[in-house]
Number of protein chains: 2
Amino acid sequence: MSTKTTASRGTRGPYAKSAARRREILEAAVSIFGSKGYSGGSIQEVADRAGIAQTTLLHHFPTKEQLLVAVLEYRDEISPNTPGTREHFAEVVAEQAENNEGVPHLIELYSVLCGEATTRDHPAREYFVKRFQRLRAEYSNELRYLASIGRLRPGVDPAIAGPTIVALWDGIQTQWLLSPEQVDMPGTLKAYLDLILINPDSLV
Amino acid sequence: MSTKTTASRGTRGPYAKSAARRREILEAAVSIFGSKGYSGGSIQEVADRAGIAQTTLLHHFPTKEQLLVAVLEYRDEISPNTPGTREHFAEVVAEQAENNEGVPHLIELYSVLCGEATTRDHPAREYFVKRFQRLRAEYSNELRYLASIGRLRPGVDPAIAGPTIVALWDGIQTQWLLSPEQVDMPGTLKAYLDLILINPDSLV
DNA sequence: ACGAAACCCGAGTGTTTACTCTAGATTAGC
DNA sequence: GCTAATCTAGAGTAAACACTCGGGTTTCGT
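Residues numbered from 1 in each chain as written. Chains lettered and ligands numbered in written order. Predicted model: local features only at pLDDT ≥ 70, side-chain atom pairs only at ≥ 80, totals over all residues. Heavy atoms only, no water.

Naming follows an unreviewed UniProt entry, where chain A appears as DNA-binding transcriptional regulator, AcrR family of Arthrobacter subterraneus.

Set out below in structure tokens:
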């Protein structure tokens with residue numbers, strides 16, 4: 001009762017160093033899982049890249065699965081999601097697509113884990129199921145708003161165009177990872193948005 | 001010189017049973033690699049599913065990597081690709097999308113391996129790089145033909161819309177695998193084609 | 001029907017896997 | 001500055017990994 005949290009007596013919580021260590025480990029994990037996948041990468045490799053002993057890693061993240069979950073949460077923290085963009089939807093999407101070209105290791109992590117996660121009983125499956133559900137809803141809602149102010153081309157169904165943007169984005173990222181010089185990631189996305197939006201935002 | 005191929009004397013080639021065995025193994029491999037990925041699945045599991053000893057599998061496919069290559073070739077054999085479809089492009093695409101719903105294990109295999117293949121030095125990477133290059137060229141060419149007969153909406157660039165169809169297809173498949181009941185795979189593809197094509201093919 | 005090649009597999013090999021045990025060094029509440 | 005908790009890691013463990021070896025069985029050209 002004397003300490004601040006509900007921890008049983010005798011617990012002191014992580015030390016100051018701990019947060020930095022965890023960040024180092026997560027950065028290493030992004031690199032390893034991104035370049036070799038979750039199944040393909042080992043916690044030994046992650047520990048090596050972080051410059052610590054394997055057992056030290058396991059002190060901070062007791063199982064490989066918990067490390068993966070932490071990596072996914074870490075990714076969500078450092079790559080900002082788009083909240084209510086309203087009339088600037090197209091701009092924001094195109095801008096983020098351009099920014100993504102600057103963080104290829106995060107794109108790689110995302111694509112690799114997303115593919116792996118479709119396997120049954122994969123620890124990241126639930127994460128991606130919910131992520132896609134959220135993205136579909138968000139994008140569809142943005143498009144519904146744009147439709148309400150007459151900016152959506154007639155005949156375009158927000159409930160279909162929303163998932164389409166998500167699918168197009170992921171698919172073009174995969175192609176870009178395999179042939180960066182042959183695929184125009186932001187251009188392809190922008191082309192679709194120009195197709196479904198009326199009077200698109202003029203150049204910034 | 002006496003035998004038909006360039007084999008050194010004393011070789012007799014595979015027996016009649018061999019082809020069937022190889023097919024059984026490949027079917028098992030599609031199942032295992034599709035449900036657990038290439039890194040995640042073991043040749044022991046494939047052998048178990050095929051009902052043979054691990055060493056028997058290795059007799060037909062000496063390494064795990066060669067098994068993977070054979071699986072990819074097998075997939076290409078059994079799932080027909082679209083040759084020159086000309087004016088029936090939209091029909092054929094929509095039809096194939098519907099058919100894909102009937103072979104989810106092949107979609108799973110494709111999505112899982114495609115994600116994994118973006119990792120460096122993955123044995124299937126070259127396969128997917130070339131596959132996407134081919135698909136982008138094929139689809140762009142189909143659209144160029146449709147443009148030549150005035151069936152492509154003005155302003156739509158075949159060089160962008162081609163890769164877009166490929167990306168959309170792959171992306172929507174991933175979403176469908178994770179939430180089959182929430183994603184209309186053929187409908188989403190058809191919606192995009194209706195968007196970029198003029199006077200689309202009426203219902204069959 | 002003979003013999004060589006292809007087929008099939010039980011037993012093993014060395015490595016890597018995720019994870020545990022034990023124990024010394026470091027931190028921080030008091 | 002005492003002490004208990006956190007941090008770090010060396011050593012170890014059982015299981016799984018891709019793959020090899022040796023030898024028996026089946027197939028098939030001659």
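The discussion continues.
1. Quick look at the protein's contact with DNA strand D
Around DNA strand D sit 27 residues, and of these G10, R12, T56 and H60 of chain A together with Q54 of chain B come closest. Expressed as a percentage, the sugar and phosphate content of the atoms of DNA strand D within 4 Å of the protein is 61%. With respect to DNA strand D, the backbone of A16 of chain B contributes an N or O atom lying 3.0 Å from a phosphate oxygen. Elements that contribute at least two residues to the surface near DNA strand D include exactly α1 (16-36) and α3 (54-60) of chain A together with α1 (16-36) and α3 (54-60) of chain B. Ranked by the residues each element gives to the surface near DNA strand D, the list is headed by α3 of chain A, at 4 residues. A per-class count over the surface near DNA strand D returns 8 nonpolar, 13 polar and 6 charged. (Near = heavy atom within 4 Å. Polar contact = N/O pair within 3.5 Å; in protein donor to acceptor, adjacent residues only side chain to side chain. Helix = DSSP H or I, 4+ residues; strand = E, 2+ residues; numbered from the N terminus. Nonpolar A, V, L, I, M, F, W, Y, C, P; charged D, E, K, R; others polar.)

2. Brief notes about the protein's contact with DNA strand C
Near DNA strand C, the surroundings consist of 27 residues, among which Q54 of chain A together with G10, R12, T56 and H60 of chain B are the closest. Backbone atoms, meaning sugar and phosphate, make up 65% of the atoms of DNA strand C lying within 4 Å of the protein. The backbone of I43 of chain A places a nitrogen or oxygen atom 3.3 Å from a phosphate oxygen of DNA strand C. T55 of chain B has a polar side-chain atom sitting 3.4 Å from a base oxygen of DNA strand C. Elements with a minimum of two residues in the surface near DNA strand C: α1 and α3 of chain A together with α1 and α3 of chain B. By residue number, the principal contributor to the surface near DNA strand C is α3 of chain B, which donates 4 residues.

3. Concerning the relation of the copies chain B and chain A
You can overlay chain B on chain A at an RMSD of 0.1 Å; the transform is a turn of 180° with a shift of 0.0 Å along its axis. Seen this way, the second copy is the image of the first under a two-fold rotation axis. Interface overlap between copies is the fraction of interface residues in one copy that are interface residues in the other; for chain B against chain A it reaches 100%, indicating a shared surface. (Least-squares fit on C-alpha atoms with pLDDT ≥ 70 in both. Contact = heavy atoms within 4.5 Å.)

4. Comments concerning the packing of helix α7 (residues 125-148) of chain B against helix α8 (residues 158-178) of chain B
All names here are of chain B. Running from amino to carboxyl end, α7 crosses α8 at an angle of 125°, the nearest separation of the two axes being 8 Å. As judged from the angle between their axes, α7 and α8 are oblique. In this structure, α7 crosses over α8, and the sense of that crossing is right-handed. Facing F132, L135, R136, Y139, S140, L143 and R144 of α7, the residues of α8 in contact are P158, A159, A161, G162, P163, I165, V166, W169 and D170. A breakdown of the residues in the contact of α7 with α8 according to their chemical character gives 11 nonpolar, 2 polar and 3 charged. (Axes fitted to C-alpha atoms, helices over the stretch in contact; angles between N-to-C directions. Parallel < 35°, antiparallel > 145°, perpendicular 65-115°, else oblique. Left-handed = near helix turned anticlockwise from the far one by under 90°.)

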